[in-house]
Amino acid sequence: MNTPSLLILPGDGIGQEVMDEVARVIEWMGDKRDVRFDVFEDVVGGAAYDKHGTPLHDATLAKAQEVDAVLLGAVGGPKYDNLDFSVKPERGLLRLRKEMDLFANLRPARCFDALADFSSLKRDVVSGLDLMIVRELTSGSYFGEPRGIFEENGQRVGINTQRYTEAEIDRVARSAFELAMRRNRKVCSMEKANVMESGILWREVVTAVHADYPEVGLSHMYADNGAMQIVRQPRQFDVILTDNLFGDILSDCAAMLTGSLGMLPSASLGAPMENGRPKALYEPVHGSAPDIAGQEKANPCACVLSFAMALRYSFDMGEEADRVENAVERVLAKGVRTEDLMQTEGSVPVSTSAMTDTILAELQASL
Ligand code: IPM
Ligand code: MG
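The structure presented is a predicted model; accordingly, all values stated were derived computationally and were not measured. (Residues numbered from 1 in each chain as written. Chains lettered and ligands numbered in written order. Predicted model: local features only at pLDDT ≥ 70, side-chain atom pairs only at ≥ 80, totals over all residues. Heavy atoms only, no water.)

Asks: Explain the site of ligand 1 to me, please; I cannot follow it from the model alone.
Replies: Taken together, Glu90, Arg97, Arg107, Arg135, Tyr142 and Asp248 make up all the residues around ligand 1. The contact in question runs from an oxygen atom of ligand 1 to an N or O atom on the side chain of Arg97, over 2.7 Å. Interatomic distance of 2.8 Å between a side-chain N/O atom of Asp248 and an oxygen atom of ligand 1. Protein chains shield 73% of the accessible area of ligand 1, which is 320 Å² for the free molecule. Partitioned by chemical class, the residues of the shell around ligand 1 number one nonpolar, no polar and five charged. (Near = heavy atom within 4 Å. Polar contact = N/O pair within 3.5 Å; in protein donor to acceptor, adjacent residues only side chain to side chain. Areas by Shrake-Rupley, 256 points an atom, 1.4 Å probe, with all protein chains shown as cover. Nonpolar A, V, L, I, M, F, W, Y, C, P; charged D, E, K, R; others polar.)

Dropping the structure here:
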């Protein structure tokens, strides 16, 4: 098989610095594990706006469509707050998701034991937590038409449309059930079927798809109750399946259970390409954190773990993915912490690159 290809899009703010660290892990994989990639790099978000006047250049999109996987840092920052909506950094990311048709967004929330005390919830509620949110990513109220701000009877009205076709629900439901088959075989689907027709259809289609996965247990929950249950007793969940907007909110909520946004990776997957690999983009759940950008304070773990997800979901290298995840876990167990993970005043946090140094040392020790 050809050398697999990766497109790296660091984006804005801490995106660049955490991606520099991932590059070191990728290099280590090549040197020590003979896992090699053709790596390309380009700009996205505000960085692309600065260079091209658009948050996603067509050539970048074309490259993203062509490679085996895209690794993205983060987009956005105060510098771009006053830009026209259509060229805001976030539009670049949303266009990438849409045009690549990355409909299944996998957001694991896993609580590393060493970090259980960082959660705002009690240790015994979150320790051992390992849930996966599957968020629909290319439809729903993020993209539904009509949308816009219109004049109506002398005043403005803001409109977005929650819209799902059966096919859109069907395919993301299949992703969730497939994933559950490789985990603890439980799917909880969340919508608002009590108030929204799109929720009624969602529930019907998910129930129909379930017939193809009899080994998986399926439950349904209204999304508001789901938010409460995620905070009340998060370990009841294995895979949570939900739409674009609810998934955006519920995944931030689940993220906080784990103690730090700086630890959480994500994968956005589409249909299989000719080579059988899914179209894929991997990115940390955290944002561009402009307040700490350029200060060597960012936690590179979420981005490193996003690369691990790429190894697992795009390249079928589960063993190497485990190796990276275990290295991160051991680093945390040893008490090495970036600033976002500092608990006691007076302790000294390590820098972004020092964190990666220790991850690389653990990788080395795993050989
Ligand atoms: C996320 C983010 C994005 C979203 C923004 C940056 C467009 O919040 O990935 O969760 O709303 O999907
Ligand atoms: Mg979000």
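Asks: Looking at this model, I keep getting lost on the side chain of Arg277. Mind explaining?
Replies: Along the polypeptide, Arg277 turns up in the loop between β11 (265-272) and β12 (278-284). Given the relative accessible area of 12%, Arg277 is considered buried. (Helix = DSSP H or I, 4+ residues; strand = E, 2+ residues; numbered from the N terminus. Buried < 20%, exposed > 50% of the residue type's maximum accessible area, 1.4 Å probe, protein only.)

Asks: Looking at this model, I keep getting lost on the packing of aromatic side chains. Mind explaining?
Replies: Two descriptors summarise a pair of aromatic rings, namely the distance from one centre to the other and the angle between the planes of the rings. Under the definition given, this model contains four aromatic pairs. With a centroid separation of 5.2 Å and 10° between ring planes, the pair formed by Phe177 and Tyr213 is classed as stacked. Taken together, the residues span a long stretch of sequence, with Phe177 in helix α6 (residues 166-181) and Tyr213 in the loop between α7 (197-210) and β9 (217-222) at a distance of 36 residues. These aromatic residues form a ring-pair network of at least three members: Phe37, Phe307 and Phe315. The ring of Tyr142 carries Arg135 above its face, with NZ or CZ at 5.2 Å from the centroid. (Phe/Tyr/Trp six-rings, centres within 6.5 Å; stacked < 30°, edge-to-face > 60°. Lys NZ or Arg CZ within 6 Å of the ring centre and 35° of its normal.)

Asks: Quick question: what am I supposed to make of the nonpolar core here?
Replies: Nonpolar side chains tend to gather and get buried jointly when the protein is soluble and globular. In this structure, Leu106, Val134, Leu241, Met263, Tyr282, Phe307 and Val328 are the most contacted members of the largest nonpolar core, which totals 68 residues. Considering every element that reaches this core, the biggest residue donor is helix α10 (residues 301-313), with ten residues. Once you skip the residues sitting within four places of it in the chain, Val134 turns out to touch Asn105, Leu106, Val172, Ala176, Leu179, Val239, Ile240, Leu241 and Thr242. Cys111, Val126, Phe246 and Leu250 belong to the second largest nonpolar core, which has 18 residues in total. (Core = buried A, V, L, I, M, F, W, Y, C linked by side-chain atoms within 4.5 Å. Contact = heavy atoms within 4.5 Å.)

Asks: When you look at the sheet that holds strand β4 (residues 104-110) in this model, what are you seeing that I'm missing?
Replies: Sheets are built from strands that pair by backbone hydrogen bonding, the pairs being arranged parallel or antiparallel. Taken together, ten strands build an open sheet; the order of strands is β2-β1-β3-β12-β11-β4-β5-β10-β8-β9 and the sheet is mixed. The open sheet has two edge strands with one neighbour each: β2 (38-41) and β9. Ignoring which end each strand starts from, the neighbouring axes of this sheet average 20° apart. Relative to β9, strand β8 (residues 186-191) runs parallel, the two being bridged by six bridges. Residue pairing for β9: Val187 is matched across the bridge by Leu218. Sheet strands touched by helix α9 (residues 244-257): β4, β5 (130-136), β8 and β10 (239-242). Its angle to β5, the strand with the most contacts, is close to 155°. (Pairing = 2+ DSSP bridges. Axes fitted to C-alpha atoms, helices over the stretch in contact; angles between N-to-C directions.)

Asks: Would you mind showing me how to read the environment of Leu179 here?
Replies: Relative to the assigned elements, Leu179 resides in helix α6. In this structure the C-alpha to C-alpha distance between Leu179 and Val157, which are 22 residues apart in sequence, comes to 40 Å. Once residues within four sequence positions are removed from consideration, Leu179 is found in contact with Leu106, Met132, Val134 and Tyr313.

Asks: For this particular structure, what's the right way to read the pairing of β2?
Replies: Each regular strand carries side chains that alternate between the two faces of the sheet. Across four bridges, strand β1 (residues 5-11) lies against β2 in parallel orientation. The partner of Leu6 across the bridge, within β2, is Val39. Regarding the hand of the β-α-β motif, the stretch spanning β1, helix α1 (residues 14-33) and β2 is right-handed. (Right-handed = clockwise from strand over helix to strand, strands pointing away.)

Asks: I would appreciate a short explanation of the pattern of salt bridges in the present structure.
Replies: Side-chain pairs of opposite charge can arise where the charged atoms are in close proximity. Considering all chains together, one arrives at 27 salt bridges under this definition. The residue Arg135 makes a salt bridge to Asp248 at a minimum N-O spacing of 3.8 Å. Taken together, the positions of Arg135 in strand β5 and Asp248 in helix α9 put the pair 113 residues apart, joining distant regions of the chain. Between Asp170 and Arg174 there is a salt bridge, with its nearest N and O atoms 2.8 Å apart. Of this pair, Asp170 and Arg174 both sit in helix α6, separated by four residues, roughly a single helical turn. You can call Asp170 partly exposed: its relative accessible area is 24%. (Salt bridge = Lys/Arg side-chain N within 4 Å of Asp/Glu carboxyl O.)

Asks: Before we go on, may I ask you to explain the pairing of β11 in this structure?
Replies: β11 sits mainly inside the fold: six of its eight residues count as buried. With three bridges joining them, β4 and β11 adopt antiparallel strand pairing. Bridging from a neighbouring strand, Asn105 pairs with Ser268 of β11.

Asks: I tried to follow the side chain of Ser5 on my own but got confused; where do I start?
Replies: By the element assignment, Ser5 lies in strand β1. For Ser5, the contacting residues outside a window of four places in its chain are Asp38, Phe40, Val67, Asp68, Ala69 and Phe315.

Asks: Hey, could you run me through unusual backbone geometry in this one?
Replies: Glycine aside, a negative phi is what most residues show, and trans is what most peptide bonds show. With an omega of 0°, the peptide bond between Glu145 and Pro146 qualifies as cis. Looking at the secondary structure, you find Pro146 in strand β6 (residues 144-152). The residue Ala289 is not glycine, and still its phi comes out positive at about 40°. As for its placement among the helices and strands, Ala289 is situated in the loop between β12 and α10.

Asks: Help me out: how do you make sense of the packing of α1 against helix α11 (residues 318-333) in this one?
Replies: At their nearest, the axes of α1 and α11 sit 13 Å apart, and the two run at 125° to each other. Compared by their axis directions, α1 and α11 come out oblique. Along this stretch, α1 crosses α11, giving a crossing that reads as right-handed. In this structure, α1 contributes Trp28, Met29 and Arg33 to the contact, and α11 contributes Glu320, Arg323 and Val324. Taken together, the residues of the contact of α1 with α11 break down into three nonpolar, no polar and three charged. (Parallel < 35°, antiparallel > 145°, perpendicular 65-115°, else oblique. Left-handed = near helix turned anticlockwise from the far one by under 90°.)

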